[in-house]
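Observations on chain architecture
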Amino acid sequence: MNPSVETVATLTVFGAAPTRAAVTVVTLNLGRRMGRALGALAACWGAAVVAVFIPVAHFLLVPALAVAGVIWAFLRFRERERLVRIHGTCPRCGRADDFIPGGSEDGKLVVSCPGCRNRLLVTRGAAPPPFAHAAEDIA
């Protein structure tokens, strides 16, 4: 098993002060990344083989699954770190909980709060003081 590292992150949402969170990250070595990529490729290509037997739809499904398998495998292979756990406090509702990592918007990691259902942006690194940029603009 690859070693996991716990770091500090910031949870932000529009209209609320950012809060801190603890993030557990697993570093993926070359063998693990290759295995994950081959698993993704096998899943898509296996589905493509099954899709051959679907009348008419196989004209679109088989090529789409073949290409999707290559793209998914490439993305899995490029992933050097994987977030496995995020624990923090929602900046909007104040609920402390474990957030499930798994989504991204514009290349940034986002999680959903189970309490208020807001989408929170996760930024790895130390949390800035609330409204720190506003104080710099005034000075």
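Values in this document were obtained by computation on a predicted structure and should not be read as measured data. (Residues numbered from 1 in each chain as written. Predicted model: local features only at pLDDT ≥ 70, side-chain atom pairs only at ≥ 80, totals over all residues. Heavy atoms only, no water.)

1. Here we look at the environment of A40
- Mapped onto the secondary structure, A40 falls in helix α1 (residues 30-51).
- A residue is classified by how much of its surface remains accessible, and A40, at 1% relative accessible area, is buried.
- With residues up to four places along the chain from it excluded, the contact list for A40 reads W72, A73 and R76. (Helix = DSSP H or I, 4+ residues; strand = E, 2+ residues; numbered from the N terminus. Buried < 20%, exposed > 50% of the residue type's maximum accessible area, 1.4 Å probe, protein only. Contact = heavy atoms within 4.5 Å.)

2. Overview of the pattern of salt bridges
- Considering all chains together, one arrives at 3 salt bridges under this definition.
- In this structure, the salt-bridge partner of R85 is D98, at a minimum N-O distance of 3.4 Å. Residue R85 is found in strand β3 (residues 81-89), and its partner D98 is found in strand β4 (residues 96-99); the two are separated by 13 residues along the sequence.
- Residue D97 pairs with R95 through a salt bridge whose shortest N-O separation is 3.2 Å.
- Classification of R95 as partly exposed rests on a relative accessible area of 38%. (Salt bridge = Lys/Arg side-chain N within 4 Å of Asp/Glu carboxyl O.)

3. Some remarks on α1
- If you check α1, its first and last C-alpha atoms are 31 Å apart, about what 22 residues at 1.5 Å a residue would give, namely 32 Å.
- Of the residues making up α1, those classed as buried are R33, R36, A37, A40, L41, C44, A48 and A51. Mapping the buried residues of α1 onto a view down its axis gives an arc of 130°, with all of them on the same face. In this structure, α1 carries G31, A42, V49 and V50 as exposed residues pointing more than 90 degrees from its buried face.
- Where α1 is buried, its residues contact α2 (58-78) and β3. (Expected span 1.5 Å × (residues − 1). Arc of directions from axis to C-beta.)

4. Side note on the side chain of T19
- Take T19: it is sitting in strand β2 (residues 19-27).
- Look at T19 and you get buried, because its relative accessible area is 18%.
- Within the structure, T19 has its side chain in polar contact with the backbone oxygen of T89 (distance 2.5 Å).
- Here T19 is in contact with A9, T10, L11, T89, C90 and P91, once residues within four sequence places are set aside. (Polar contact = N/O pair within 3.5 Å; in protein donor to acceptor, adjacent residues only side chain to side chain.)

5. A short note on the pairing of β4
- As paired elements, β3 and β4 share 4 bridges and run antiparallel to each other. Pairing of G88 across the sheet is with D97, part of β4.
- Connecting β3 to the next strand, β4, in antiparallel fashion are 6 residues, including G94 with a positive phi near 80°. (Pairing = 2+ DSSP bridges.)

6. Here we look at unusual backbone geometry
- Positive phi is not limited to glycine here, since V56 has a value of about 65°.
- Despite not being glycine, R117 has its phi angle at roughly 65°, a positive value.
- With respect to the helices, strands and loops of the structure, R117 is situated in the loop between β6 (108-112) and β7 (119-124).
- Among the residues examined, R117 registers a relative accessible area of 64% and is labelled exposed.

7. Quick look at the packing of aromatic side chains
- Tallying each qualifying case throughout the model produces 0 aromatic pairs.
- When the ring centre of F77 is taken as origin, the NZ or CZ atom of R33, which lies over that ring, is 4.7 Å away. (Phe/Tyr/Trp six-rings, centres within 6.5 Å; stacked < 30°, edge-to-face > 60°. Lys NZ or Arg CZ within 6 Å of the ring centre and 35° of its normal.)

Distances and angles like these do not, on their own, reveal function.
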